[in-house]
Amino acid sequence: MGQRKTIAVLVGTTNGYFRSKCLSGIIKQAYKLDYNVAVFSLFTIAGDETKHQLGEENIFSLLKTKDIVGGVFVDYSFWEDRSRQRIMKLVRSLPDFKMVIFDNKGIPGYEGIVSNDRKGFAAMVDHLIEEHGFRRIFCLSGGEQFPVAVDRMNGYIDSMTRHGLEIKDEYKIYGDFWTGAATELARRIAEGEIERPEAVACGNDKSAVTLVNELIGRGIRVPEDIAVTGYDLSGDSISNDPSVTSCTRPDIHAGARCVCTLHKYLTGEDVAPDEPDEGIFVSGESCGCRRDIAFAHRYNDIDRLEQDSEGQMRLSCMQESLMATETYDELIDTTTGFIRLIRDCAAIALCLNKDWNLFREDDSDYIREGYQADMFEAMYSDVDHPYTHGRPFRSEDMYPPSILIEDRPAVYFFNAVHFEDRCFGYQAVRFRDEINRFPEDAYHSWVSAVSVALEYMRMQGRMKLMYNRAFASSVRDVMTGLYNRQGYEMYCDQVFEIAKERNIRLLVIVADLDDLKKINDVHGHIEGDNAITVAARALQTCCGNGEYCVRSGGDEFIVFGAYDYDNAIPIFYRSRIDGYLARYNSSSGKPYTVGMSAGFFIDFVDKYKNIDECLKIADDRMYANKASRKKGRK
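Quick look at the structure, then. (Residues numbered from 1 in each chain as written. Predicted model: local features only at pLDDT ≥ 70, side-chain atom pairs only at ≥ 80, totals over all residues. Heavy atoms only, no water.)

Now for helix α5 (residues 147-162). Between its first and last C-alpha, α5 extends 22 Å over 16 residues, near the 22 Å set by a 1.5 Å rise per residue. Among all positions of α5, only Ala-149, Arg-152, Met-153, Gly-155, Tyr-156, Ser-159 and Met-160 are buried. Burial along α5 is one-sided: seen end-on, the buried residues are contained in an arc of 150°. Along α5, the residues that are exposed and aim more than 90 degrees away from the buried face are Pro-147, Thr-161 and Arg-162. Residues of α5 that are buried make contact with α4 (117-130), β6 (137-141) and β7 (172-174). Just downstream of α5 lies Gly-164, where phi reads positive at about 70°. (Helix = DSSP H or I, 4+ residues; strand = E, 2+ residues; numbered from the N terminus. Expected span 1.5 Å × (residues − 1). Buried < 20%, exposed > 50% of the residue type's maximum accessible area, 1.4 Å probe, protein only. Arc of directions from axis to C-beta. Contact = heavy atoms within 4.5 Å.)

Here it is as structure tokens:
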């Protein structure tokens, strides 16, 4: 990697256009201070230590790379506490890792930066008072145990107090940031249990949309009878009928403050963010304003593009196409054909561990945590360079060599490529739009398809190897390693046909171990097995031209092959057998000698119906040889 340092952004789920605002502020400020930004994010948060969740979270192990100087932890994106705690445990284990927390001031040891919700929410209440003249205004915030809910309630109090308006205790309602409290408030208003407000400022859009629809369902008009506003600006508020007035949090400013704070930790230099400390106000019909049609169109355009991308992903049959490939190279080549599905992709690199497809006998020994020191770019492509793959790099450098640009700072997104907790590697991507957004759901589907295809190919390789081993064991003799009778039956006709078609000689040797019964009876079966193994090795010296060597019975053997043999081959092979056994017997120290009787057939096969006729000739000659050898030993 080059000299430019990198700020890491640690993110849980990354859904939604508006959640990208904090990232926008981080990136803009990082660029001004000449930092690269590396975004490490999850696609799913299950909370429990499932294998899949641990595989997702392994991407954060890249924080150990030497060029990352600090990070921003986007706390609210880790909405499941157990996942948050696991990531924080990893971060705390990194020596001298500087980090600020976005949206939480309550994590010991770290400075927290939060959006100015108090000011932003006060501005929303100001709108109800100053633009519409409301005086009796309720506030429905979240649970009082959440600092953000208290900040929004305090913003409500600030605005009401500044305008000299009465705040009764029943006007301040701490709810749940969900549907329950809003539904209950609508009931109480409709049934007259509490004073009817002129307006309700809700602490988030979920509560606001629920309250609007519940009031209308109970016969109370919105905004004619009661006005309602939201906060956080979600897609639901824009698409609801009536649309809900809302506001984004000033997250762009807060994101920039995170970088400025981190920069001071690293350099001692004070830098002020340029971004304004305000959110984006979007008018809706729920307070009596007109719907902000221009903003709604912009949002709907973005939403439509994302939906189009997801639709193209579904229609592409990417998963099926990848899993239909038969070789690794074909898989990678096919993957590159689907890069077009990643909207606004400027450069993409698939980075795999050197031994990503390695497996053991029980398939339980694999990389679960971190990445191998040696990795390679399995695939790289961008708008200016041709597709390449196979380029090695070190995981300690984090950035695959092809994707890094040196002339200016840039933002890079990193996501785990895994199957359950089995680590294959990671995906690194740089988008054309350098500022605004997190990758969309279509990108999640893309990475998931590649991950599943890699596991499918790995399992195919494993099953093939297991099949080959099982097949080999079914046609091999366990003791000697020679083919067994089934192996003979599988290949004998094939060799006979080769000899006939090519008009070359067929060789058949039938051999029998001498005096096996005597060795077993006098010296034991262990020594008998030894004698059989020695005989097998002696016969294997006759397999220099692709012959098959078979243990066809307890002490019986067959060698057969088709080759351009000359007539002297039986004498040559017999001398090899005898020479091997003589050397063994002279040095073994055994109280017995190992000997073999053998019969040879060598001839063209055009006048024979099958190999069995040739085998019978060799067998008869073996018995003649055995009788001769036995007579000679008397």
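This part covers the sheet that holds strand β15 (residues 411-419). With respect to topology, 10 strands assemble into an open sheet ordered β5-β4-β3-β1-β2-β15-β16-β12-β13-β14, the strand pairing being mixed. Each edge of the open sheet is held by one strand with a lone partner, namely β5 (111-113) and β14 (391-394). The mean angle between the axes of side-by-side strands here comes to 30°, regardless of whether they run parallel or antiparallel. Examined bridge by bridge, strand β12 (residues 345-353) and strand β13 (residues 374-382) share seven bridges and lie antiparallel to one another. Of the residues in β13, the one forming a bridge with Leu-350 is Met-379. Sitting on the sheet, helix α3 (residues 81-92) is in contact with β1 (6-11), β3 (68-74) and β4 (98-102), with an inclination near 160° to β3. (Pairing = 2+ DSSP bridges. Axes fitted to C-alpha atoms, helices over the stretch in contact; angles between N-to-C directions.)

Taken in spatial order, the four strands of this open sheet run β7-β6-β8-β9, and their pairing is parallel. Every interior strand has two partners, whereas the edge strands, β7 and β9 (227-229), have only one. The sheet shows a mean angle of 15° between the axes of neighbouring strands, taken without regard to direction. Sheet topology places strand β8 (residues 199-202) next to β9; three bridges connect them, and they run parallel. Residue pairing in the sheet places Val-200 in a bridge with Val-228 of β9. Packing against the sheet, helix α7 (residues 205-217) makes contact with β6, β8 and β9, and its axis sits at approximately 160° to β9.

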